[in-house]
Amino acid sequence: MQKDSEVRRGEWEARLADIKYMIHLFRKNPLVMTGTIISLFFIIVALLANFIVDPRLATTEGYTGGSYPFERKYMWSANHPIVWGPDIALHDGPEFFYLGTDGWGRDLLSMIILALPVDLYNAFIIVVVAALLGTTLGALAGYAGGIFDEAVLRITDVFFAFPGLVLALVFASMFGRSIETLQFAIILVWWPPYVRLMRGQVLSEKEKPYVEALKALGAGHLRVLFRHVMLNAIYPILVQATMDLGGVILTFSALMFLGFSPSKSLPELGNLAADGYNAIFSAPWVILFSGLTMLIISLAFNLVGDGLRDVLDPRLRR
Amino acid sequence: MRSHVISTKNAVKTIDPLVVKNLKVWFPIKSGVIQKTIGHVKAVDGVSFSVKKNETLGVVGESGSGKTTLARAILRLVKPTAGEVRFDGINIPKANRQQMKTLRQKVQIIFQDPYASLDPRQTVSSLLREAMHIHGVVKSKSEATEKSLKLLRKVGLDEEHLYRFPHEFSGGQRQRIAVARALVANAEFLILDEPTSFLDVSVQASVLNLLKDLQKDLNLTYMFITHNLAVVHHMSNRVAVMYLGKIVELADKNTIYRNPKHPYTFQLMAAIPVPNPEAKKKEILLEGDVPSPINIPLGCRFHPRCKYAKEKCRKVEPNLVEKDGHFVACHSEIDFSAEMRTGESADG
Amino acid sequence: MSDKRNAKDTVLEIKNLKVNFHTYRGEVKALNGVDLKLCCKEVLALVGESGCGKSVTVQTLIGLLPENASVLEGEIILDGDNLINKTKEEMRILRTHDLAIVFQDPMTFLNPVLTIGTQLEEVVTMDKDLLVEAIAIEKPKQKLDFTDLIKMDDSATEPKNLKISRRETKRIAKRLCAAILSLVKLPDQERILKQYPFELSGGMRQRAMIAMALARRPSIFIADEITTALDVTIQAQILHLLKELRDKIDASTLMITHDLSVAAETADRIAVMYGGNVVEVASSVVLFRRPFHPYAQMLLKAIPNIENPTSRLEAIPGTVPEMIDPPPGCRFHPRCKYAMDACTKKRPRLKEVEKGHEVACYLY
Ligand SMILES: Nc1ncnc2c1ncn2[C@@H]1O[C@H](COP(=O)(O)OP(=O)(O)O)[C@@H](O)[C@H]1O
Ligand SMILES: Nc1ncnc2c1ncn2[C@@H]1O[C@H](COP(=O)(O)OP(=O)(O)O)[C@@H](O)[C@H]1O
Ligand code: SF4
Ligand SMILES: [Mg+2]
Ligand SMILES: [Mg+2]
């Protein structure tokens, strides 16, 4: 006779072997690995941002207690306006800025580091809420079919047709410019694809013989849907969500860039880029570096999503 | 139609565990924006039979003849358009929740495709445990594990297989797992829908042996669906032959193989390849393809492929008529027994 | 070529063919030294359970092994050439002329957006000789008979005027297509030529595939499980067709099947495969009367037989060997009741025990 703990261990070992195999598949593609390493790097930096950089640097007033040092606007180093390259070592120190400073004279590198948690956190929240909402609705619609399915599809279509920018504008004018408003607006635009994706998945999954087998066994609809069908259908959603993380970061910062930002001085990639845009000729590095960061993050997440798609592809399973 | 319904009633009384009466399953074909029904796929089109306690009723027919749909209708996995399915006297299509709960324990099904009928993300242990949980037959996890092991041994697997995923098993082993799951509660009646058609012959042999052993040990009643006539001959006591959603002949195994009365049965027998290169096979070929169950031919549904079709066959649908337990639905009363024997007598 | 060949001549010989696949879980030793001879104008059935290497043998033969496969050892001799050493392009040419193959699922080889006629015409017009010969023998107002053309292949060697106008090509190709379809007993050829693959039933599609293969006038015709996906009655029709064709066509046939009964119905000789080896070869009558290899013996007992019923089937104990880590020596030895010491050490090679009856087993 076996004890409960042994039961669990056997179960775990089986799942672990499965995961190991997935990791193996994942590691085979160098591009995907690059994407993973980059995204992990950004996530770790974001998590540690407040330790790496003093968040007080971001404040435009009260910087080191004194007045705001306007004389450091858009520069590389206090003494040499543009010295970058082999001379860096000479100018290392509190007065040297690796990526220059922004319009407020804040160190751009520090600001980008402080921006990472803001952007990643918001993207994460938006994607999770959109995916949860869309997936649940899609799963229910696909599984139930009939009028409910039809109704959900029509509603989704309406939201599909809505331009996100207009929606954000409307919200901003209704509720004022705040991060929450922005989140809300973006979620409203990002959930419909998940409905379609999940609905399609569930439609094909629910026709599979194992579902019929479960029903013959007497399993109820909730069990079939949530324990089996959704678990088997969820993988493309994970792929989509990973890819969307990149997309949402771009959308979020684009909206911030366009002026939906509640505060111009908030360290956020779109905000920083907007600031750089104002000085695109005198200080091109600001928009360059903040823009590059956005690009690299969203690309990295896309690569991870691509890799996940391959790993979770059922055809690759033995 | 009337005559055989009455005759089954008389012969059956109440002892037969499964009685199916005039069962019809029509799938509507919808078209256009307003999803108007423009016709029906008559997958099962008026089927009546009964299965006796502890026997194996074989059901044979080409693919598309409605075998799987019949099985699904019996289990209420699809809603019948008309007719009755009585298990232990309870009409399954109209059974209430409580009755369904017991029925789901007693009547089980094994599906054709072992590669698709198990949830790919569940280990054997968790799928057996789930089945026990649904039927409420065990209380604790350790009891479930113990029972799972017992079941696995019963179907010829053991402990080491408990924590594996379906993809780690061969087809034969997966069918064994499916059988184990079907036996979790007190199954009495098993519908076997082509359980070995995806398996190799040597594996098929061991699964068939297992099924025979289990039937004896646990007093099971089987409905064995297949398109393989040799397998159905090996497994069954009685055989029903289906064509386009109807049973065209039903009789004792030996009767149907030696003395078929329906031309379709006869030609189906002739089409089976025999594992004997020296057999002097009669070259009786069934011409043409199976017609679509959407446009079922008028009269006898077999007449476009039948060599013996008469004028009457094109107009009037023959009823399934019983004579000494031999049910046939055919207007021409032809005796094929002589021809069957010439085919058999060839040997080396 | 055909008239010079003797019925007993070997057209194709596979010698000690070893093929591995590289996978995550390790090297899959799929073929472990396959030996096979195909004689002129015979039907040889390659029989075995799934995973024993039948399809890999065929893939190697026609030069279509997947990327992760490698041929370790062995030769495939066709007309004195070793096919293993041929380039991809040479193999492609060979496939269009000498080796014709039909698979279980015709939809993988038929182009779904082209009509049957277009696809068949493409095959026919590739063979200029065929067109010339067809023009030579055609009679107005009379149907072309493709069997006449098959017999003419290679034998009529005198150089011909290979210049045919486009219109002429088109016209004769149309007639040829109809002739080929009637060879495989497809009725109403004009209509079928205009249809798309999905409009045909499974049996008709398989006939169309056979037609396309035969249109090349191949010297070797390979049929890989062509009736497996069909119903018994349709299977019977196709098997019947194959039997009829065998006298009409000029090819040697390699018939792959997992079904012993199908092999019994169609083949002259049967080769039984197990775990990447051919373990027994004999004429089909002899193999069914007196199988020598323990595996073949048990396999015959495992099929339910209507003529000769038993209450229990004799299942083969154990399971098919894992090809990554196969048993050493004879791959059947863990399941064999006669296994001896020698069986676990060295692989038995095919040995002629009786005339025309070869077995790979230490018992003989
Ligand atoms: N859910 C369904 N909707 C529409 N047609 C169906 C459905 N299920 C089965 N059919 C049709 O019913 C006929 C019988 O199918 P089936 O019962 O699966 O036959 P068999 O099991 O004998 O091969 C087929 O023509 C099939 O296409
Ligand atoms: N592309 C492949 N990659 C890895 N292993 C393969 C591949 N193709 C075939 N095999 C292995 O080779 C063996 C023989 O396969 P195959 O020739 O397809 O069998 P069959 O006799 O059923 O046609 C099997 O064990 C199979 O797992
Ligand atoms: S060689 Fe040995 S193990 Fe293999 S089949 Fe013959 S007796 Fe059995
Ligand atoms: Mg079926
Ligand atoms: Mg194969």
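Keep in mind the model is a prediction, meaning the values are calculated, not measured.

Asker: Just to check I follow, could you spell out the side chain of threonine 266 of chain C for this structure?
Answerer: Here threonine 266 of chain C is to be found in helix α10 (residues 260–266). Here the side chain of threonine 266 of chain C touches valine 262 of chain C through a polar contact of 2.8 Å, landing on its backbone oxygen.

Asker: Looking at this model, I keep getting lost on the sheet that holds strand β1 (residues 18–31) of chain B. Mind explaining?
Answerer: Strands in a sheet are paired, the pairing made by backbone hydrogen bonds, and the direction either parallel or antiparallel. Residues and elements named next belong to chain B. If you trace the 4 strands from one edge of the open sheet to the other, you get β2-β1-β4-β5, paired in antiparallel fashion. One side of each edge strand has no neighbouring strand; the edge strands of this open sheet are β2 (36–51) and β5 (90–91). Strands β1, β2 and β4 (82–87) of the sheet are contacted by helix α2 (residues 67–74), whose axis makes an angle of about 110 degrees with β1.

Asker: How should the confidence of the model for chain C be read in this particular structure?
Answerer: In low-pLDDT regions, the fine details of the predicted coordinates are not to be read closely. Residues and elements named next belong to chain C. Looking at chain C as a whole, its pLDDT mean stands at 87, while 95% of the residues score no less than 70. For chain C, helix α5 (residues 146–152) is the element with the lowest average pLDDT, namely 73, and strand β9 (residues 269–274) is the one with the highest, namely 96. Note on residues 1–5: pLDDT is under 50 here. Beyond four places in sequence and across chains, it has 8 contacts. Across the whole predicted complex the pTM is 0.84, and at the interface the ipTM reaches 0.85.

Asker: What is the right way to read the domain arrangement of chain B from this model?
Answerer: Accessible area lost during the coming together of the parts is what is often quoted as the interface size. Domain annotation of chain B identifies domain 1 (96–236) and domain 2 (257–346). For domain 1 of chain B versus domain 2 of chain B, the distance between C-alpha centres works out to 34 Å.

Asker: Sorry, what's going on with the site of ligand 3 here?
Answerer: Taken together, His293, Pro294, Cys330, Phe332, His333, Cys336, Tyr338, Ala339, Cys343, Cys361, Tyr362 and Leu363 of chain C make up the full set of residues adjacent to ligand 3. Its residues placed into classes, the shell around ligand 3 shows 10 nonpolar, 2 polar and no charged.

Asker: Looking at this structure, I do not really get the domain arrangement of chain C. What am I missing?
Answerer: Residue and element names in this part refer to chain C. We note that the domain assignment places domain 1 (10–98 + 218–359) and domain 2 (110–214) within chain C. If you average the C-alpha positions of domain 1 and of domain 2, the two centres end up 31 Å apart. The partner domain 2 presents 14 residues to the 16 residues of domain 1 that form the contact. Buried surface at the junction of domain 1 and domain 2, summed over both partners, amounts to about 1400 Å²; 70% is from carbon and sulfur atoms. For the domain 1 face of the interface with domain 2, the top three residues by lost area are Phe221, Leu241 and Lys248, together amounting to 31%. In this assembly, domain 1 and domain 2 are joined by 1 salt bridge. A salt bridge links lysine 185 to glutamate 244; the shortest N-O distance between them is 2.3 Å. Applying the counting criterion to the domain 1 and domain 2 interface returns 2 residue pairs in polar contact (both at pLDDT 80 or more).

Asker: What is the right way to read the site of ligand 1 from this model?
Answerer: All names here are of chain B. For ligand 1, the full set of nearby residues is Phe27, Val41, Ala43, Glu62, Ser63, Gly64, Ser65, Gly66, Lys67, Thr68, Thr69 and Pro293. At a separation of 2.5 Å, an oxygen atom of ligand 1 approaches a polar side-chain atom of threonine 69. Among the elements of the structure, β2 and α2 are those that each provide at least two residues to the shell around ligand 1. The element that contributes the greatest number of residues to the shell around ligand 1 is α2, accounting for 3 residues. Across the shell around ligand 1, the residue classes break down as 4 nonpolar, 6 polar and 2 charged.

Asker: Help me out: how do you make sense of the confidence of the model for chain B in this one?
Answerer: Residue and element names in this part refer to chain B. The pLDDT averaged across chain B works out to 87; a share of 92% of its residues lies at or above 70. Segment residues 1–12 is flagged for pLDDT under 50; beyond a separation of four residues in sequence, or across chains, it makes 12 contacts in the model. Note that pLDDT drops below 50 for residues 343–348; the model gives that stretch 8 contacts with residues more than four away or on any other chain.

Asker: Sorry, what's going on with a nonpolar patch on the surface here?
Answerer: A contiguous nonpolar patch, built from Leu40, Ile43, Ile44, Leu47, Leu48, Phe51 and Ile52 of chain A and spanning about 730 Å² of accessible area, is present on the exposed surface. Overall, the relative accessible area of 38% leaves leucine 48 of chain A in the partly exposed class.

Asker: What is the right way to look at the sheet that holds strand β2 (residues 26–39) of chain C in this model?
Answerer: Residues and elements named next belong to chain C. In space, the 4 strands of this open sheet follow the order β2-β1-β4-β5, with antiparallel pairing throughout. Edge positions in the open sheet fall to β2 and β5 (81–82), since each of these has one partner strand only. Docked against the sheet, helix α1 (residues 54–61) engages β1 (10–23), β2 and β4 (69–78), running at close to 110 degrees with respect to β1.

Asker: Could you clarify how one ought to interpret unusual backbone geometry in this entry?
Answerer: Most peptide bonds are trans, and most residues other than glycine sit at a negative phi. At asparagine 22 of chain B, a position not held by glycine, the phi torsion is positive, near 45 degrees. In this fold, asparagine 22 of chain B is placed in strand β1. Using a relative accessible area of 27% as the deciding quantity, one classes asparagine 22 of chain B as partly exposed. Positive phi outside glycine occurs at lysine 185 of chain C, with the angle close to 65 degrees. With respect to the secondary-structure elements, lysine 185 of chain C resides in the loop between α6 (166–183) and α7 (189–193).

Parameters at a glance
Residues numbered from 1 in each chain as written. Chains lettered and ligands numbered in written order. Predicted model: local features only at pLDDT ≥ 70, side-chain atom pairs only at ≥ 80, totals over all residues. Heavy atoms only, no water. Helix = DSSP H or I, 4+ residues; strand = E, 2+ residues; numbered from the N terminus. Polar contact = N/O pair within 3.5 Å; in protein donor to acceptor, adjacent residues only side chain to side chain. Pairing = 2+ DSSP bridges. Contact = heavy atoms within 4.5 Å. Axes fitted to C-alpha atoms, helices over the stretch in contact; angles between N-to-C directions. pLDDT = per-residue confidence, 0-100. Domains from an automatic or database assignment. Near = heavy atom within 4 Å. Nonpolar A, V, L, I, M, F, W, Y, C, P; charged D, E, K, R; others polar. Buried area = accessible area lost by both parts, 1.4 Å probe. Salt bridge = Lys/Arg side-chain N within 4 Å of Asp/Glu carboxyl O. Patch = residues over 30% accessible without salt bridge, like charges linked within 9 Å, V, L, I, M, F, W, Y side chains within 5 Å. Areas by Shrake-Rupley, 256 points an atom, 1.4 Å probe, with all protein chains shown as cover. Buried < 20%, exposed > 50% of the residue type's maximum accessible area, 1.4 Å probe, protein only.

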